[in-house]
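# Observations on the three-dimensional arrangement
The residues making up each chain are set out below.
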Amino acid sequence: MTKVYDIAIIGGGNAALCAAITAAENGAKVLILETAPRPYRGGNSRHTRNFRCMHRGPLGPLVESYGEDEYFADLLKVTGGKTDEALARLTIRTSEECQPWMEEHGVRFQPSLSGTLSLARTNAFFLGGGKGLVNAYYRTAEKLGVDVLYEANVSHLEIEGNEVAHIDYTYMGQSHRISPKAVIVASGGFQADLDWLARAWGPAAKNFLIRGTPYNRGVVLADLLDQGLDQVGDPKQCHAVAIDGRAPKFDGGIVTRLDCVPFSVVVNKDCARFYDEGEDVWPKRYAIWGRLVAAQPDQVGYAIIDAKSLDLFMPSVFPPIKADTIEELAKKMGLSPDKLRATIEQFNASCGDGTNFHPTELDGVATNGISPPKTNWARPITKVPFYGYSLRTGVTFTYLGLKVSEKAQCSIDGQPVKNLWAAGETMAGSILGQGYLAGFGMAIGTVFGRIAGQEAANHAK
Amino acid sequence: MQNDLIDEARRQIEVCNACRYCENYCAVFPALHENRIFSIGDITQLANLCHNCRGCYYACQYTAPHEFDLNLPKALAEVRLDSWEELAYPRRAARLFQTNGLAVTIATVLGFATLFMVAGLVGGGGGEGFYAVLPHSAMIAIFIPAFVFPLLSIAFSLRRYWLETAGELVRPRHLIDAVKAIAKMRNLAGGHGDGCNFEDTDAFSHKRRIAHQMILFGFLLCFASTGAGTIMHYAFDMQAPYGLFSVPKLLGIPGGILLSVGVVWMVILKQQSDPDLGAKRAWSGENAFTILLGFVAFSGLALYALGGTALMSVLLALHLGSVLSFFLLMPFSKMAHSFYRMAALVRDAQRDG
């Protein structure tokens, strides 16, 4: 490495790219160190789809208005108050100017969205999804003279006093050490390191599937926390949802989503029901099912539906297992035929009048006299063929991260590290203490990526 | 239909249907999202609706090395090519052209040109200008069947396409919608209006879209020029060659230039594009067709420029040979795509009733 860089950015997703573009536009010479190979560049941003955006009037693809207070109230609902209000409001307020900035830097949005999601007021959807966004940002960054190294594995940031002295990384089998004037960490959480996950959650975590990139192993996060950087977020928690049990171990993304639970009877491997499948509409409940399934033996669940319900939810990428009898279905799914038949018969007997059934509303069509009850959409499983899906816990992201200031700056014992900033998932725990709000991760990444890029460029001048 | 191609396309389409991130790139995705189960006809329709803009490939989170290994532009191109071969009449001719396009084209052009030279020597001498080389009656005797046969063949194929894709009664609204889509090349605009991906991986540009429209409108102008000449010949007894400010020339010269430039540009763009995102097997056929189209235009222009010289008779034979080849090969060459594409767009316009 003969070239001297003002700024090194660790990570290659949305936050890293927003930081790189902003810094380069402010005159800095920027190097991106992305650990993934080129086809997998972009971290979890590759799998994202939209950006939650405040707007006081129609803005780009967004209709009507979505004000700061409503946005903040939505955030409080999902985090249960576990949020830093100052940083959250900063993110929300700044999101408004981000939407035009994103368009100026190559991101394209869908004019409006059909289908089941109705978020046209609150969320701007990327045309082509997150990978389209990532591609556009890489093009913009490269035009601005940003250098990108793929498969560059950063192993250590040497902190001396209140400053990063150098960065160690390997690239093409060679070790390198550079000393840029400023460093931005935007390398995500640690959810792809299953050992770490198992230490935090318990051995059950080994059975979890990772919905996103296999490259978020938290190497730099661990290195920095070991050196005493201020941390934030529950180290034991991760955001998890119930996904199709046949999904790949990593990187299954959106298509492994399974929306059938409200219309199902869900049992564990002992054919016992364990929770009210009809508690609320699926978008409000899909996150808790990740935890529910994680608590079952072998961390697996089985959703059983009949022919009446097959077309009521978005198709999954894997076709359901199909059979003409419950016993046959049980056999195909590796369950006890007798036990499953008994559970289904008991459930069916508890179903009452189903004439008010309404798939998109809380219809109050409930079971009677079984525990746990099913409080909505409870129709007997009677119409052949029967279908089954297996469910597993799919981890989206982890909450543990670096605590940052409003300037995205990292600190040790409350004292700023002079030349270190963080953006994106790696600091999102500062704002999102629990739960998740669709499109909020991209909002945090864009807002703090731009702040970090600006601050680092100012420092490097 | 080749079942393995259909099965592979279906596998990929089902992944797309669970994802839906590509919704706005083109007409394929809204059509795809309406179904959960895909028949051979559905997949054939989606394949012919696909303009190979490649937007979905470069935006896809599931392309290789991901285990889902998606490459929808390629999967649909394979089905599309197979459907043209399957629906063509006679089938064998289509298969031959797609795989050995360049050789077939050169052989056909030279063969016909030689034939014209020989015929011209035998029967010539009676007329003036071009008709001194080949009498007008002989030209017509050759070209009328050469025009009628391909049209019959294509009509036959389109009927089969319509049955295969369960097409409904065509209303003017459907046709208008399809013609608009073609005139604007809407499906190469990329949804956002930045164009498509082709010559420079994930960068969007209008180059391919513009080159295509130069070829399309150049071709239509040349066709109109020929039509005008025919009318002048029969209705007004005005014989070729025509002057610069005549209708055939005013249509034909800009048409020929547009067509020639468009073809060269398209071939260059195609060389820069990634062949793995299309049907590699058709590489030869597609290029041969484009070059043949360019040669028709170029030899026509050359004939105008050099009509007064000793080269005229050779040029005329080559030009007529290329025109005849173009028509005869139409049902089996890439030219067929314009008919199937039109059919697919009309069929797509019927989705909303």
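What you see is a predicted model, and the numbers here were worked out from it, not measured in a lab.

### Here we look at the state of the cysteines
Residues and elements named next belong to chain B.
- Taken as a whole, this structure holds zero disulfides over all chains when the rule is applied.
- We note that Cys-196 lacks a disulfide partner, and the nearest cysteine sulfur, in Cys-53, lies 6.1 Å from it.
- Residue class for Cys-196 comes out buried when judged on its relative accessible area of 1%.

### What to know about the nonpolar core
- Judged by nonpolar contacts, the single largest core of 106 residues is most densely connected at Ile-7, Met-102, Leu-157, Ile-167, Leu-420, Phe-440 and Phe-448 of chain A.
- Ranked by the residues each element gives to this core, the list is headed by helix 10 (residues 440-460) of chain A, at eleven residues.
- If near-sequence neighbours (up to four positions away) are discounted, Phe-448 of chain A is found in contact with Leu-87, Leu-90, Thr-91, Val-404, Ser-405, Glu-406, Ala-408, Ala-423, Met-427 and Ile-431 of chain A.
- Core analysis: the second largest hydrophobic core is formed by 58 residues, Leu-5, Tyr-21, Val-79 and Ala-282 of chain B among them.

### Section: the sheet that holds strand 7 (residues 163-171) of chain A
Residue and element names in this part refer to chain A.
- Read from one edge to the other, the open sheet built from three strands follows the order 6-7-8, with strand pairing classed as antiparallel. Whereas interior strands pair on both sides, the edge strands pair on one side only; in this sheet they are strand 6 (153-160) and strand 8 (174-178). For this sheet, the mean inter-axis angle between neighbouring strands, taken without regard to orientation, is 20°.
- Summarising the sheet, strand 6 and strand 7 pair through seven bridges and their orientation is antiparallel. Its bridge partner lying in strand 7, Ile-159 is registered against Val-164.

### Section: helix 10 (residues 207-235) of chain B
- Taking 1.5 Å per residue as the helical rise, helix 10 of chain B with its 29 residues ought to reach 42 Å, and the 41 Å between its terminal C-alpha atoms agrees with that figure.
- Just beyond helix 10 of chain B, the residue with positive phi is Asp-237 of chain B, at close to 55°.

### Here's the deal with the sheet that holds strand 18 (residues 409-412) of chain A
All names here are of chain A.
- Taken together, six strands build an open sheet; the order of strands is 5-2-1-9-19-18 and the sheet is mixed. If you trace the sheet from one side to the other, it starts and ends with strand 5 (147-149) and strand 18, each paired once. When the angles between neighbouring strand axes are averaged without regard to direction, this sheet yields 30°.
- One ladder, built from three bridges, connects strand 18 with strand 19 (residues 415-422); its direction is antiparallel. By the bridge assignment, Ile-412 is partnered in strand 19 with Gln-415.
- Across the face of the sheet, helix 10 comes into contact with strand 1 (7-10), strand 9 (182-185) and strand 19 while running at roughly 120° to strand 19.

### Remarks on unusual backbone geometry
- Residue Pro-65 of chain B is reached from Ala-64 of chain B by a cis peptide bond, and omega for that bond is 10°.
- Position of Pro-65 of chain B relative to the elements: it lies in the loop between helix 4 (55-59) and helix 5 (72-87).
- Located in the positive-phi region is Asp-298 of chain A, a residue other than glycine, with phi close to 60°.
- Counting through the fold element by element, Asp-298 of chain A comes out in the loop between helix 7 (282-294) and strand 14 (300-306).
- By relative accessible area, Asp-298 of chain A is classed as partly exposed at 41%.
- Of note, Gln-299 of chain A is a non-glycine position whose phi angle comes to about 55°, a positive value.
- Mapped onto the secondary structure, Gln-299 of chain A falls in the loop between helix 7 and strand 14.

### Considering the confidence of the model for chain B
- For chain B, per-residue confidence averages 90 on the pLDDT scale, and residues scoring 70 or more make up 96% of the total.
- Across chain B, the element-wise mean pLDDT spans from 71 in helix 7 (residues 130-133) of chain B up to 98 in helix 3 (residues 40-49) of chain B.

### Regarding the pairing of strand 16 (residues 386-398) of chain A
All names here are of chain A.
- Among the 13 residues of strand 16, twelve are classified as buried, and the element is accordingly described as predominantly covered.
- Pairing between strand 12 (residues 238-244) and strand 16: seven bridges, direction antiparallel. Among the inter-strand pairings, Ile-243 is bridged to a residue of strand 16, identified as Arg-392.

### Topic: the interface of chain B and chain A
- Residue-level contacts link 28 residues of chain B with 37 residues of chain A.
- At the boundary of chain B with chain A, total buried surface from both sides reaches about 2,800 Å², with 50% on carbon and sulfur atoms.
- Sorting the residues of chain B by area buried against chain A places Ala-18, Tyr-21 and Arg-36 of chain B first, and these three jointly supply 27% of that buried surface.
- At the boundary of chain B with chain A, the tally comes to five salt bridges.
- Here Asp-194 of chain B and Arg-108 of chain A are joined by a salt bridge, their closest N and O atoms 2.6 Å apart.
- Inspection of the region where chain B meets chain A yields 22 residue pairs in polar contact (both at pLDDT 80 or more).
- The set of elements that each furnish at least two residues to the side of chain B that touches chain A consists of helix 1 (3-19) and helix 4 of chain B.
- In terms of residues, the side of chain B that touches chain A owes the most to one element, helix 1 of chain B, which gives four residues.
- Its residues assigned to classes, the side of chain B that touches chain A shows twelve nonpolar, nine polar and seven charged.

Rules used in this analysis
Residues numbered from 1 in each chain as written. Chains lettered and ligands numbered in written order. Predicted model: local features only at pLDDT ≥ 70, side-chain atom pairs only at ≥ 80, totals over all residues. Heavy atoms only, no water. Disulfide = S-S within 2.5 Å. Buried < 20%, exposed > 50% of the residue type's maximum accessible area, 1.4 Å probe, protein only. Core = buried A, V, L, I, M, F, W, Y, C linked by side-chain atoms within 4.5 Å. Helix = DSSP H or I, 4+ residues; strand = E, 2+ residues; numbered from the N terminus. Contact = heavy atoms within 4.5 Å. Pairing = 2+ DSSP bridges. Axes fitted to C-alpha atoms, helices over the stretch in contact; angles between N-to-C directions. Expected span 1.5 Å × (residues − 1). pLDDT = per-residue confidence, 0-100. Buried area = accessible area lost by both parts, 1.4 Å probe. Salt bridge = Lys/Arg side-chain N within 4 Å of Asp/Glu carboxyl O. Polar contact = N/O pair within 3.5 Å; in protein donor to acceptor, adjacent residues only side chain to side chain. Nonpolar A, V, L, I, M, F, W, Y, C, P; charged D, E, K, R; others polar.

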